[in-house]
Amino acid sequence: MNTTYKAVKISDCVYWVGAVDWGIRDFHGYATGRGTTYNAYLIMADKITLVDTVKAPFREEFLSRVASVVDPASIDYIISNHSEMDHTGCLPEVLKTIRPEKVFASSMGVKALGAHFQLEQEITAVKDGETLSLGSRQVTFTEARMLHWPDSMFSYLSDDDVLFSQDAFGMHLASAERFADEIDGGVLEYEGARYFANILLPYAPLVEKLLAKVGTLGIAPEIIAPDHGPIWRDDLAVPLENYGRWAAQKPTKKAVVVFDTMWQSTEKMARAVAEGLHVGGATPMVMSLKSCHRSDVVGEILEAGALIVGSPTMNNNMFPTVADILTYLKGLKPANLIGAAFGSYGWSGEAAIQIKKVLESMGVDLVDDVLKVKYVPDGDDLARCHALGEAVAGRLVGDRE
Ligand code: FEO
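Per-chain numbering applies: the sequence of each chain, read as written, is numbered from 1 onward. Local features in this predicted model are restricted to residues whose pLDDT is 70 or higher, and side-chain atom pairs enter the listing and the counts only when it is 80 or higher, whereas totals over whole chains, interfaces and linings include all residues. With hydrogens and water set aside, each side-chain value is computed from the structure's full complement of heavy atoms.

Enquirer: Mind showing me how you'd approach the overall build of the protein here?
Expert: Comment: elements are numbered from the N terminus, with helices defined as DSSP H or I runs of at least four residues and strands as E runs of at least two. Counting its regular elements, the protein contains 12 helices and 24 strands. Radius of gyration: C-alpha atoms only; globule rule: 2.2 Å multiplied by the number of residues to the exponent 0.38. Relative to its length of 401 residues, the protein is compact, with a C-alpha radius of gyration of 24 Å against a globular reference of 21 Å. The principal-axis extent of the C-alpha atoms belonging to the protein is close to 75 × 40 × 35 Å. Working definition: with a 1.4 Å probe on protein chains only, accessible area under 20% of the residue-type maximum means buried, over 50% means exposed, and in between means partly exposed. Counting the 401 residues in the protein, one finds 56% classified as buried. Whether two residues are in contact is decided by their heavy atoms: any pair within 4.5 Å suffices. In the protein, 72% of the contacts between residues at least 6 apart in sequence involve partners at least 24 apart. When the accessible surface of the protein is summed, it comes to about 16,100 Å², and 51% of that surface belongs to carbon and sulfur atoms. Each accessible area is a Shrake-Rupley result for a 1.4 Å probe, and residues are judged covered by the shown protein chains and nothing else.

Next up, the structure:
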């Protein structure tokens, strides 16, 4: 049996048996510059239990890590906390290899697994709050609907105080280190925030509810074991407080100016708006869509107070890259933002108006009407851009005083 890849012990009876994806750079539209991991866990209780599996191409690495602890055929139970294929892609093959006694998922998980795979094995639905005996250990399930999918649930190994949290508290970060306390705190903060912004932001109100629910259930983990990135074992206040703060989306003085440009007119406008923001006391972050990926923009917006979007008009429309970022942002539902729309044009000038409509539909509180400039901004036009930046800053700074 292949045991090239080794498991990593994370508690008395729990082992990490996941896989490291060093090369992935696009995770369904999210730029994963540092790769990712697909975490799976092996509980060596009387009933040997696997929590989640990995993405299909990593099956061999995953089974090798399992085999470094126990013959995979000895696994009795599999718990599927989340049906998305980065955690279930190799489940059908694994079921054929292992033939476990039982497979457990939430009721929505049973449906999702059925819709994804033609599984011969029956999946047993577990209820919110239900406890499963593994003989020498017990696991309690907590539904975490929409964090990240309707099927998502947490599994809590109470005897060892390990919370298996699937996507929640995770991040896309490939590393040889398995624990968060072995990794630079700045990297954890940056990648954790990007993950929250790009994956969980639409469900931020549910995050707040779930954190409160976990508190009332008496779940007091000493280890949080997510399905991506490092495992938290030392200072759990860091991920818990980060999630509380990111979910609250409290506005800051940061203002994100995101734009694209054809002949640098809209870029000149963006730079003048940023100068006005700075003079007014805000903290501008200027992001050209020629060099910034949509997932980086969302990462910056997570802890911002303003979103200002600019586009030239091309063929009666906003620039395609601007349509892309607005579509992405609208789906992620950022909250508590003020904003504005601007752009240059030649003869028709629809882009800024189209942006304004999208921002309004997102619930962004617009500071002013659209700011449009014909062809190339002159000194007066740039002064209007500067004034727009100052007006946004005035609202941001005022809101925080
Ligand atoms: Fe990591 Fe929602 O899957």
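Enquirer: Quick question: what am I supposed to make of the sheet that holds strand E10 (residues 102-106) here?
Expert: Where strands meet in a sheet, backbone hydrogen bonds hold them as pairs that are either parallel or antiparallel. By the convention used here, strands pair only if DSSP detects at least 2 bridges between them. The seven strands are arranged E1-E2-E7-E8-E9-E10-E11 in an open sheet whose pairing can be described as mixed. The open sheet is flanked by strand E1 (8-9) and strand E11 (123-126), the only strands paired with a single partner. Pairing geometry for strand E8 (residues 48-51) and strand E9 (residues 77-80), over three bridges, is parallel. The residue of E9 that forms the bridge with Leu50 is Ile78. The convention used is that axes are lines fitted to C-alpha atoms, helices contributing only their stretch in contact, and that angles between N-to-C directions extend from 0 to 180 degrees. Relative to E10, helix H4 (residues 107-116) is tilted by about 110 degrees, and along the sheet it contacts E9, E10 and E11.

Enquirer: Would you take a moment to explain the packing of aromatic side chains for this structure?
Expert: Aromatic rings considered in pairs are described by the distance between their centres and by the relative angle of their planes. In this scheme Phe, Tyr and Trp rings, the latter by its six-membered ring, pair at centre separations within 6.5 Å, and the angle between planes marks the pair as stacked below 30 degrees, edge-to-face above 60, and tilted otherwise. The tally for this structure, following the rule as stated, stands at seven aromatic pairs. Ring geometry for Tyr41 against Phe164: centres 5.3 Å apart, planes inclined by 50 degrees, an arrangement best described as tilted. With a gap of 123 residues between them, Tyr41 in strand E7 (residues 41-44) and Phe164 in strand E15 (residues 162-166) connect regions that are remote in the sequence. With a centroid separation of 5.1 Å and 80 degrees between ring planes, the pair formed by Tyr77 and Phe104 is classed as edge-to-face. A residue pair is termed long-range when its members are at least 10 positions apart, and Tyr77 in strand E9 and Phe104 in strand E10 qualify at 27 residues. Exposure class is identical for Tyr77 and Phe104. Each is buried. Ring-pair connections join several aromatic residues into one group, and the members of that group are Phe169, Phe196, Tyr243 and Trp246. The aromatic ring of Trp16 is capped on one face by Arg178, whose charged end is 4.1 Å from the ring centroid. The criterion for a charge sitting over a ring is simple: Lys NZ or Arg CZ within 6 Å of the ring centre, and within 35 degrees of the ring normal. The ring of Tyr345 carries Lys372 above its face, with NZ or CZ at 5.1 Å from the centroid.

Enquirer: Sorry, what's going on with empty space enclosed by the protein here?
Expert: In this approach, a probe sized like a water molecule rolls over the atoms, and the result shows the empty space that is left. A pocket here means an open set of points on a 1 Å grid, computed over the protein atoms alone, that has protein on both sides within 12 Å along at least five of seven lines. A cavity is instead a set of points where a 1.4 Å probe fits but cannot get out; residues with an atom within 4 Å of a point line either one. Grid points are joined across faces, edges and corners, and a volume is the space filled by probe spheres set on the points. This structure, assessed with the given rule, holds one cavity of 30 Å³ or more. Taken as a whole, the largest cavity holds about 70 Å³ of empty space. Residue lining of the largest cavity: Phe169, Gly170, Met171, Leu188, Glu189, Gly192, Trp232, Val238, Pro239, Asn242, Tyr243 and Trp246, and that is the complete set. Contributing elements (two or more residues each) for the lining of the largest cavity: helix H5 (185-200) and helix H7 (237-248). Broken down by element, the residue count for the lining of the largest cavity peaks at five residues, all from H7. Classifying every residue of the lining of the largest cavity gives eight nonpolar, three polar and one charged. Residue polarity is assigned by list, with Asp, Glu, Lys and Arg as charged and Ala, Val, Leu, Ile, Met, Phe, Trp, Tyr, Cys and Pro as nonpolar; anything else, Gly included, falls into the polar class.

Enquirer: Explanation requested: the pattern of salt bridges in the structure shown.
Expert: Pairs may arise between side chains of opposite charge once their charged atoms sit close together. Take a side-chain nitrogen of Lys or Arg and a carboxyl oxygen of Asp or Glu: if they are within 4 Å of each other, that pair is a salt bridge. By the definition in use, this model includes 18 salt bridges. The salt bridge involving Arg145 is made with Glu143; its shortest N-O contact spans 3.1 Å. The exposure class of Arg145 is partly exposed, given its relative accessible area of 41%. Residues Arg384 and Asp381 are paired through a salt bridge, measuring 3.1 Å at the closest nitrogen-oxygen approach.

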